[in-house]
Amino acid sequence: MTITLTDDKRKAAQEVADTLGAARYIVLTTHVNPDGDGLGSEVGLAHLLRAQGRTVVIANPTPTPARFDFLFRDLPELDRSREAVRAIRKADTIVVLDIADSTRLGVLGAEVSGRQVPVVCIDHHASPGTLPAGPRFVDPSVAATGELIYEIAVANDWPVNTSTARALYVALMTDTGGFRFSNTHPRTLRVAADLLETGIDPESIYLDVYATAPEGRPRLLAATLETLVVEPEYGLAWVTVPPGAIERYGVTPDDLDGVVEHPRSISGVRLAILFRELSQGRIKVSLRSVGDVNVATFAHALGGGGHAKAAGVALPGTMAEVQAMILTAAREYLSNTNGS
Ligand code: 5GP
Ligand code: MN
């Protein structure tokens, strides 16, 4: 173990453990369209809690993407997302991971807010959030929520076995884009090193997460990249998922993970955007930035959120309407943010 914790963090981690130690039926949940960090953090925490003798299930507002099924191999009954509302109603303690805002809990938002039970929040987003009161373990400076789960284990002397380590490694690897993004701090790699020390195999985890794609994923990527528009004068580039493409290629929104890195990779681009139509006449806007452009501020002003270099928002309207609005705002934002 190579990391140390501040006294404040240690205390907060112990408060979380005290709350969970008193619980009889713990439900872990994360944001809609759960990603590697949300799921890895849930699975890692579930292993830790089971080892402490707690009863714990996972109940997410939308289904687990198939490429993360491997996380559940050694915990077959753990994922109750198909009956998530029932699980939340049964919980005597809820843990919300990788998000602080009840609006991103989809159908579970009202259920979580309506229960009179402790709601623990473990998250690395900057937004203050709208969850009911409960112990908080929040730190926007860490790369992934999985890093916070590791800190909670360290602070409470909970042993980290290979199953826990694998899940938390997935969390770190996915939220840092394979330890490439600017959120990859020395401490992130120290935590990753501690996880590898347990004996997990990084290549097999990489293959599980990234090299088990359905044929539709590269086809969806190709169709989406066809739509690329670049405005070098603003440092702006965007792509749009063609209407119905996700269904046509038999994939899920999770298969769009990483697509926005392509417009972002163009020399001179400071803001890259992916537009996707959601089912209910709403458009999902994924924002990625380079250098000192802060997309969290941009997204927040529109009712969304995220991190300085990766943020998002969902807006009502047609694709044409939302694109016109976002692109106008983006050009203005970029004009006011010099690239120094
Ligand atoms: P992505 O573009 O990969 O969906 O999300 C990037 C980051 O932005 C994530 O950390 C996520 O929490 C945040 N984000 C994405 N969409 C939304 C949204 O609709 N609302 C809020 N508050 N945050 C979002
Ligand atoms: Mn995360």
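What counts, and where the lines are drawn
- Residues numbered from 1 in each chain as written.
- Chains lettered and ligands numbered in written order.
- Predicted model: local features only at pLDDT ≥ 70, side-chain atom pairs only at ≥ 80, totals over all residues.
- Heavy atoms only, no water.
- Helix = DSSP H or I, 4+ residues; strand = E, 2+ residues; numbered from the N terminus.
- Rg over C-alpha atoms; globule rule 2.2 N^0.38 Å.
- Buried < 20%, exposed > 50% of the residue type's maximum accessible area, 1.4 Å probe, protein only.
- Contact = heavy atoms within 4.5 Å.
- Areas by Shrake-Rupley, 256 points an atom, 1.4 Å probe, with all protein chains shown as cover.
- Lys, Arg positive; Asp, Glu negative; His and termini not counted.
- Charge placed at Lys NZ, Arg CZ, Asp CG, Glu CD.
- Axes fitted to C-alpha atoms, helices over the stretch in contact; angles between N-to-C directions.
- Parallel < 35°, antiparallel > 145°, perpendicular 65-115°, else oblique.
- Left-handed = near helix turned anticlockwise from the far one by under 90°.
- Nonpolar A, V, L, I, M, F, W, Y, C, P; charged D, E, K, R; others polar.

**Student:** Account for the overall build of the chain, naming residues and giving values.
**Tutor:** Looking only at helices and strands, the chain has 13 helices and 11 strands in total. Taking 2.2 N^0.38 as the reference for a compact globule, 340 residues should give roughly 20 Å; the C-alpha atoms of the chain span a radius of gyration of 20 Å, in line with that estimate. Taking the principal axes of the C-alpha coordinates as reference, the chain spans close to 55 × 40 × 40 Å. Burial analysis of the chain (340 residues in total) assigns 51% to the buried set. Once local pairs closer than 6 in sequence are excluded, the contacts in the chain between residues at least 24 apart make up 67%. Accessible surface for the chain amounts to roughly 14900 Å². Of this, 52% is attributable to carbon and sulfur atoms. When the 31 basic and 40 acidic side-chain charges of the chain are each reduced to a single mean position, those positions are 3 Å apart.

**Student:** Got a sec to walk through the environment of V313? Specific residues and values, please.
**Tutor:** By the secondary structure assignment, V313 is in strand 11 (residues 310-316). The spacing of V313 and V16 is 297 residues in sequence and 30 Å in space, taken between C-alpha atoms. If we skip the residues at most four places from it in the chain, V313 touches I283, K284, V285, L302, G303 and G304.

**Student:** For the packing of helix 6 (residues 162-175) against helix 7 (residues 186-197), give the residues involved together with the corresponding values.
**Tutor:** Close contact between helix 6 and helix 7 brings their axes to 9 Å; oriented N to C, the two are set at 150 degrees. If you check the angle between helix 6 and helix 7, you find them roughly antiparallel. The two elements helix 6 and helix 7 meet at a crossing, and its hand is left-handed. Across the interface between the two elements, A165, L168, Y169 and L172 of helix 6 pack against T188, V191, A192, L195 and L196 of helix 7. Each residue belonging to the contact of helix 6 with helix 7 can be placed in one class, and the counts come to 8 nonpolar, 1 polar and no charged.

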